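Each chain is listed here by its residues.
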Amino acid sequence: MSDSSTTNEKYAPSAEFAAQANATADLYTEADADRLAFWDKQARRLTWDQEWSEVLDWSQAPVSKWFVGGKLNVAANCLDRHVDEGNGDRVAVHWIGEPKSDARDITYSELLADVSRAANYLSSLGLVAGDRVAIYMPMIPEAYIAMLACARLGLTHSVVFAGFSSAALRSRVDDAEAKVVITSDGQFRRGKPAPLKAAVDEALGSDLPNVDGPAASVHKVLVVRRTGIDVDWDAERDVWWDEVVPEQPDTHTPESFDAEHPLFLLYTSGTTGKPKGIVHSSGGYLVQASYTHYNVFDLKPESDVYWCTADIGWVTGHTYGVYGPLSNGSTCVVYEGTPNSPDEHRHFEIIEDKKVSIYYSAPTLVRTFMKWGHEIPAAHDLSSIRVLGSVGEPINPEAWRWYRDNIGGGKAPIVDTWWQTETGAIMVSPLPGVTETKPGSAMRPLPGISMDVVDNDGETVASEEQGLLVGTEPWPAMLRGIWGDMDRYRDTYWSHFAEQGYYFAGDGAKWDSDGALWVLGRVDDVMNISGHRISTSEVESALVGHEAVAEAAVVGASDEQTGQAIVAYVILREHHIGSGDELVDALKAAVSKEISPIAKPRDITVVPELPKTRSGKIMRRLLRDLAEGREVGDTSTLSDPSIMEALQKK
Ligand code: WT7
């Protein structure tokens, strides 16, 4: 994805925008003068019940402690504080259901009451701070309520994207030893109710491959009635939300938790098949979430309507769907459905109807809008839009311009925000009103954030040269580890530049001659499909899990729509006959079921052999050349160079 051939096109902020912007260039000066004093000041954006004694303790590196000894309640910072300040009647969430008739505005006072009821119910189950709760839900108000109720009680939530399979849910539930699963009977998808609880039943039972009996840790499943479809019921284990939560008292006194208390786990793909449970803190996380949300999106809580289109199943949905915006008292749009239900106008209708002023989305969606045609946004009054955001993958300059011209009225600043599940919050981004932007570049690390592009020895690369993106100093929202596997944490992120103590992000990048940062895509075996991370080995093991497949190799090939697309090469087992479309479809379905429809390969080719080095390592580079229709690179290290010729003929 490097059609980022460093355009030198620049977009300066308008004087009008700059005059009213939350951020000023002083933020950089302040942070550069004294980084920790800067974060100390940012932490005071929040309400703390106990002050910290030290901003950063890095003595146990690479595990950081921020705001040491400080105590706060994350949910109280997102709710009670705004109500106490007299803003209880402000809408927190404009919830918009998939069926057009379904919508509900929830004020801060109402959300606080809802969260209090849910918290009272969860604590009546005997759950205590530090217990894990899995949340497997569509984008309905109860999903937000469940997350905030957990936060309020210090229960560490683990949201699992509702598009993930039962097998994926099970492995996450087991890894975290979740005691409760919160879900819904079903969810609306393209006008129709689709089952969801059925996947939970399958996940928690004993019929999945690779499980040893029912999920041992789970003793309650709390089910929101969303679609009214039939569900199986386990009277011991299952309970309807509407039968137990509404009757609870609508007040709840929040307890204070240590700044380091684990707020949530979020599983993400690594370079091996097993997803990593990324652990996030409470204090440092919320400080950076709140600071970045306020400055990067220029949030004006009294007047803006903010819409982050990400699902809560992803980190964007956590930090910029829930915690960042609510900590800042924002009015948020939360939409349950897909952009084309019932038709391609839906997002633009919502923007027009709710007067959305800040819209944060992903390049893959922008490219989809481009394909649908500019007439569609043009049919709507989008003049409320004043800031546009992008996240998930590099945004190609063409999509960037289209976004600004067709959604942003030719003038809204675009903030291209680079960050990761692991970083917890935005790290690299322009500041609207301050930064002169270049289409396709995330521009520069935010004030308070230190990053660099280095070579394999950890030396800063010359401008225009490709290197590796690293974090050179700890930051407040950084992950605190991988759940249950601190060795993997050290190894994955800190072993590449152990000497320098740098965080290895896994992305290639370069600085241009103006000091702007260009992110050039992953350098490891992680693919980026529509902004979602999927590891090659995860898909390979799903394929090999099918009885027909002996061996599989998966690569990410560039794709106009999705950024990268999954291309698989498989060798069939000897006894297996038939290799036609039917088999390919069956394999695609198997991956979909094992992981998620997002992980379904675009192409699967049955091959007699895979290109391997003499030591038996699959040369994915050559397969990628093949998948992208390029001339195949150097094959001299293959154990049998004739294999590539045979594959090219296919
Ligand atoms: C990977 C992280 C953070 C929320 C969504 C994805 C890629 C993300 C950008 C951007 C270029 C980007 C990187 C990164 N990425 N944002 N603005 N420009 N690349 O979170 O699933 O943890 O994936 O997404 O490759 O490492 P994630």
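Here the structure is a predicted model, which is why all the values come from computation and not from measurement. (Residues numbered from 1 in each chain as written. Predicted model: local features only at pLDDT ≥ 70, side-chain atom pairs only at ≥ 80, totals over all residues. Heavy atoms only, no water.)

1. Observations concerning the packing of aromatic side chains
Under the defined criterion, the tally for this structure stands at 33 aromatic pairs. Both rings, one in Phe38 and one in Trp39, keep their centres 5.5 Å apart while their planes meet at 75 degrees; by these two values the pair is edge-to-face. Across this residue pair, the class does not change: Phe38 and Trp39 are buried. Taking 5.8 Å as the distance between ring centres and 85 degrees as the angle between the ring planes, the aromatic pair formed by Tyr320 and Tyr360 counts as edge-to-face. Separated by 40 residues along the polypeptide, Tyr320 in helix H12 (residues 315-327) and Tyr360 in strand S18 (residues 358-361) bring together distant segments of the chain. On the basis of relative accessible area, Tyr320 is assigned to the buried category, the value being 0%. Joined through ring pairs, the aromatic side chains of Trp58, Trp475, Tyr489, Tyr493, Trp494 and Tyr503 make up one cluster. Stacked on the ring of Tyr294, the Lys or Arg Arg45 has its end atom at 4.5 Å from the ring centre. (Phe/Tyr/Trp six-rings, centres within 6.5 Å; stacked < 30°, edge-to-face > 60°. Buried < 20%, exposed > 50% of the residue type's maximum accessible area, 1.4 Å probe, protein only. Helix = DSSP H or I, 4+ residues; strand = E, 2+ residues; numbered from the N terminus. Lys NZ or Arg CZ within 6 Å of the ring centre and 35° of its normal.)

2. Examining the site of the ligand
With respect to spatial proximity, 17 residues lie near the ligand, and among them Asp416, Thr417, Thr421, Asp507 and Arg522 are the closest. In isolation the ligand has 560 Å² of accessible area, and contact with the protein removes 95% of it. Counting residues per element, the ones that place at least two in the shell around the ligand are H12 and strand S25 (517-522). Looking at side-chain class alone, the shell around the ligand contains six nonpolar, six polar and five charged residues. (Near = heavy atom within 4 Å. Areas by Shrake-Rupley, 256 points an atom, 1.4 Å probe, with all protein chains shown as cover. Nonpolar A, V, L, I, M, F, W, Y, C, P; charged D, E, K, R; others polar.)

3. Points about the pattern of salt bridges
The final tally for this structure, using the stated rule, is 43 salt bridges. Among the charged side chains, a network of salt bridges with common partners joins Lys10, Lys438, Asp512 and Asp514. (Salt bridge = Lys/Arg side-chain N within 4 Å of Asp/Glu carboxyl O.)

4. Points about empty space enclosed by the protein
Here the structure, examined in full by the defined rule, presents three cavities of 30 Å³ or more. By volume, the largest cavity is sized at about 60 Å³. Along the walls of the largest cavity sit 13 residues, with Ala151, Gly154, His261, Leu263 and Ser282 positioned nearest its centre. (1 Å grid on protein atoms, 1.4 Å probe; cavity = no way out; pocket = protein on both sides within 12 Å on 5 of 7 lines; lining within 4 Å. Points joined across faces, edges and corners; volume = space filled by probe spheres on them.)

5. Focus on the nonpolar core
Residues Phe67, Leu122 and Tyr323 are the most contacted members of the largest nonpolar core, which totals 115 residues. Broken down by element, this core gets its largest block of residues, 10 residues, from helix H7 (residues 141-153). When residues no more than four places from it in sequence are discounted, the contact partners of Phe67 are Trp39, Asp40, Ala43, Trp48, Trp52, Glu54, Val55, Ala259, Gly283, Gly284, Val287 and Pro476. In terms of nonpolar packing, the next biggest core, distinct from the first, is built from 25 residues, Trp307, Ile351, Ile407 and Ile414 among them. (Core = buried A, V, L, I, M, F, W, Y, C linked by side-chain atoms within 4.5 Å. Contact = heavy atoms within 4.5 Å.)

6. Focus on the packing of helix H8 (residues 166-176) against helix H9 (residues 197-204)
Packing of H8 against H9 leaves a shortest axis separation of 8 Å and a crossing angle of 55 degrees. Regarding the angle of H8 to H9, the classification is oblique. Crossing geometry of H8 relative to H9 is assigned as right-handed. Counting all contacts with H8, which are made through Ser166, Leu169, Arg170 and Val173, the residues of H9 involved are Ala199, Val200, Glu202, Ala203 and Leu204. For the contact of H8 with H9, the per-class residue count stands at six nonpolar, one polar and two charged. (Axes fitted to C-alpha atoms, helices over the stretch in contact; angles between N-to-C directions. Parallel < 35°, antiparallel > 145°, perpendicular 65-115°, else oblique. Left-handed = near helix turned anticlockwise from the far one by under 90°.)

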